[in-house]
Amino acid sequence: MSSPADSANLMEAVVSLAKRRGFIYPSSEIYGGLNGFFDYGPLGSELKKNIRDCWWNDLVRRRDDVVGLESSIIMHPKVWEASGHVAGFTDPLVDCKVSKQRYRADQLFWAAVVVDGKTVGHVSALESEKTGEELQAAAETFKRKKAITGTLAPVTPKDFTEATEAEIPLIPSPATGEPGSLTPPRAFNMMFETNVGALKDASSVAYLRPETAQGMFVDFKNVVDTTRVKLPFGIAQIGKSFRNEITPRNYIFRSREFEQMEMEYFIHEDADWAKCHEEWIVWCETWLKSIGLPASHLSRYAHPKEKLAFYSKGTVDIMFKYPFGVQELWGIAARGNYDLGQHATASGKPQELFDEATKKKFVPHVIEPAVGVDRILLAVLCAGYAEEDVKDEKGNVEKRTVLRFSPRIAPVKVAVLPLLKNKEQLTGRAQALYKKLQRRYAVQYDDGGAIGKRYRRQDEAGTPWCVTIDFDTIEKPGDTFTLRERDTMAQRRITEAELFALLDAQVY
Ligand code: ATP
């Protein structure tokens, strides 16, 4: 097996395949696209739906302690005041006054160029897998261009938030390469504002939600009062969130409109939160593996205590090895009772439960696993992508591109292929099977071109199985088809009942 040799090639190959095969398109492409927004095409929307459905089925339907919710995207603006988003949902923004480019200060790196112990200049680079190497190379170039002699010290990369007032004017803008044009960082609120109703003034300002989580807090009492939930229990929601990211990048990894799958798991104030936190981290890791992500690409990052919000007891991110680096996929936070407490104070409506044992009221604590659907989708595309040299029917070596999706999330589960398209006995049997499969699964019918070509088309779409209706099907007893497996390319004969049993076991 071969794969694109390096990470940049892999990312390029994935983006190109995703466009070519209708997984992902830039939004509003005929108008030049809109930075940070994407459309999911026919295969992409199926893949996304399957990711959502697996999560919902495993978490909400198959557990007795989690219920679902679908709250509105635009909520009362006081929600976002109480949650702290109006005041604090900001990223540090840096402007380049010359190029008019904007940067996130914590993603803009710089270093002093030190020769023989003396600072002779500064270099900068945007955050990437190789920020350190890039800064070192830039420092060497700087020294050469300025014809400075002496020994260059290894650079010490810092991000722009660490620059002092005196250092800021000395750091070159990544856009122009010249110092003097970067502004000091200022807080930029990432919530999209809109107005509700006909009047456009301060009283009608509302926000597109930057996370789905607040819906679960604001409806906490509604759920408790209208269902039979008992602690510990979770409320889960899937839905769109919007963040006016300063620098959307890495394709669908960081976009301005994205989809989240979040749960608030409420526990007693005296419960062992650390144990519960760990159990949910393990649940999330196990779930990611169940949809086909390799364990080798997953790791954990525990946020250092001193970087946590004052109310937070601990946050662990499940990281994924993307081609552009190891990045956050899923955050699992122990948030204490901060959110319910904030809403109780702001709304004047207590958010308490009654403890029968102690006869006391208390505000439950919460564990919050929060993940982005788009980030999972990008992870399965990158992990599943492979290019292989294979032999065609005539023994010639050709390249096949394959997406090794788990059958759970594959956009198409089975392709039904009549060996010939003008032989009614074959197409009739193929159509009958296709129609029967279609009632339960996403299937494709393909009668165009040589069979090998059709297999390749399905490999690129990540379809785990193809069934070919051939002459043995109609001429030999048993009504069997050729089943061709995507990963091994092995072929065997299978009956309709066996095919349904296989799908039933693997697609859940
Ligand atoms: P980051 O540090 O990458 O900006 P975050 O810590 O702000 O992310 P959370 O607020 O914890 O993210 O959101 C929960 C999850 O939502 C993230 O783990 C990620 O999967 C997803 N997510 C957050 N921001 C984006 C975005 N701009 N585009 C796509 N997915 C996102």
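Residues numbered from 1 in each chain as written. Predicted model: local features only at pLDDT ≥ 70, side-chain atom pairs only at ≥ 80, totals over all residues.

## Comments concerning the overall build of the chain
The secondary structure content of the chain amounts to 14 helices and 26 strands. Principal-axis analysis of the C-alpha atoms gives the chain an extent of 85 × 75 × 50 Å. The proportion of buried residues among the 508 residues of the chain is 34%. Within the chain, counting contacts between residues at least 6 apart in sequence, those at least 24 apart form 63% of the total. (Helix = DSSP H or I, 4+ residues; strand = E, 2+ residues; numbered from the N terminus. Buried ≥ 20, exposed ≤ 12 C-beta atoms within 10 Å, placed from the backbone. Contact = placed C-beta atoms within 7 Å.)

## Focus on the sheet that holds strand S4 (residues 90-95)
Pairing in this open sheet of three strands is antiparallel, and the strands run S5-S4-S9 from one edge to the other. On the outer flanks of this sheet lie strand S5 (102-104) and strand S9 (186-189), each paired with one strand and no other. With direction set aside, neighbouring strand axes in the sheet form an average angle of 50°. Examined bridge by bridge, S4 and S5 share three bridges and lie antiparallel to one another. Across the sheet, the residue bridging to Val 94 is Tyr 103, located in S5. (Pairing = 2+ DSSP bridges. Axes fitted to C-alpha atoms, helices over the stretch in contact; angles between N-to-C directions.)

## What about the site of the ligand?
Of all residues adjacent to the ligand, which total 16 residues, the nearest are Phe 258, Gly 331, Ala 370, Gly 372 and Arg 375. Those elements giving two or more residues to the shell around the ligand turn out to be strand S13 (257-267), strand S16 (325-336), strand S19 (365-372) and helix H10 (373-384). The element contributing the most residues to the shell around the ligand is S16, with four residues. The residue inventory of the shell around the ligand, partitioned by class, reads five nonpolar, four polar and seven charged. (Near = placed C-beta within 6 Å. Nonpolar A, V, L, I, M, F, W, Y, C, P; charged D, E, K, R; others polar.)

## Some points on the domain arrangement of the chain
Annotation of the chain at the domain level lists domain 1 (7-85 + 192-291 + 344-381), domain 2 (90-188) and domain 3 (412-506). Relative to domain 3, the C-alpha centre of domain 1 lies at a distance of 38 Å. (Domains from an automatic or database assignment.)

## Comments concerning the sheet that holds S19
Pairing between the strands of a sheet is mediated by backbone hydrogen bonds and can be parallel or antiparallel. Ordered in space as S3-S12-S13-S19-S16-S15-S14, the seven strands form an open sheet in which the pairing is mixed. Of all strands in the sheet, those with a lone pairing partner are strand S3 (66-69) and strand S14 (298-302), marking the two edges. Taken pair by pair, the neighbouring strands of this sheet meet at an average axis angle of 25°, ignoring direction. Here strand S15 (residues 314-322) pairs with S16 via nine bridges, running antiparallel.

## Section: unusual backbone geometry
Residues Leu 231 and Pro 232 are joined by a peptide bond in cis, for which omega reads -10°. Tracing the chain through its elements places Pro 232 in the loop between helix H7 (220-226) and strand S12 (233-242). Its identity is not glycine, yet Asp 116 carries a phi of approximately 50°, on the positive side. For Asp 116, a count of 11 C-beta atoms within 10 Å translates into the label exposed. With a phi angle near 50°, Asp 479 is a residue other than glycine that sits in the positive phi range. Relative to the assigned elements, Asp 479 resides in the loop between helix H13 (471-475) and strand S25 (481-485).

## A few points about the nonpolar core
The biggest cluster of nonpolar side chains holds 89 residues, and the ones touching the most others in it are Leu 377, Leu 378, Ala 379, Val 380, Cys 382 and Val 416. Top contributing element to this core by residue count: H10, with nine residues. No fewer than three residues from each of domain 1 (7-85 + 192-291 + 344-381) and domain 3 (412-506) sit in this core. In contact with Leu 378, not counting residues within four places along its chain, are Tyr 251, Ile 252, Phe 253 and Tyr 322. Ranked by size, the runner-up nonpolar core spans 20 residues in total, among them Val 113, Ala 138, Ala 139 and Ile 246. (Core = buried A, V, L, I, M, F, W, Y, C linked by C-beta atoms within 7 Å.)

## Side note on helix H9 (residues 338-347)
Along H9, the residues that are buried comprise Asp 339, Leu 340 and His 343. Taken around the axis of H9, the buried residues stretch over an arc of 95°, which confines them to a single face. Among the structural elements, helix H3 (77-82), helix H6 (213-218), H7, S16 and S19 are those in contact with the buried residues of H9. Looking at the residues trailing H9, positive phi occurs at Gly 348, about 75°. (Arc of directions from axis to C-beta.)

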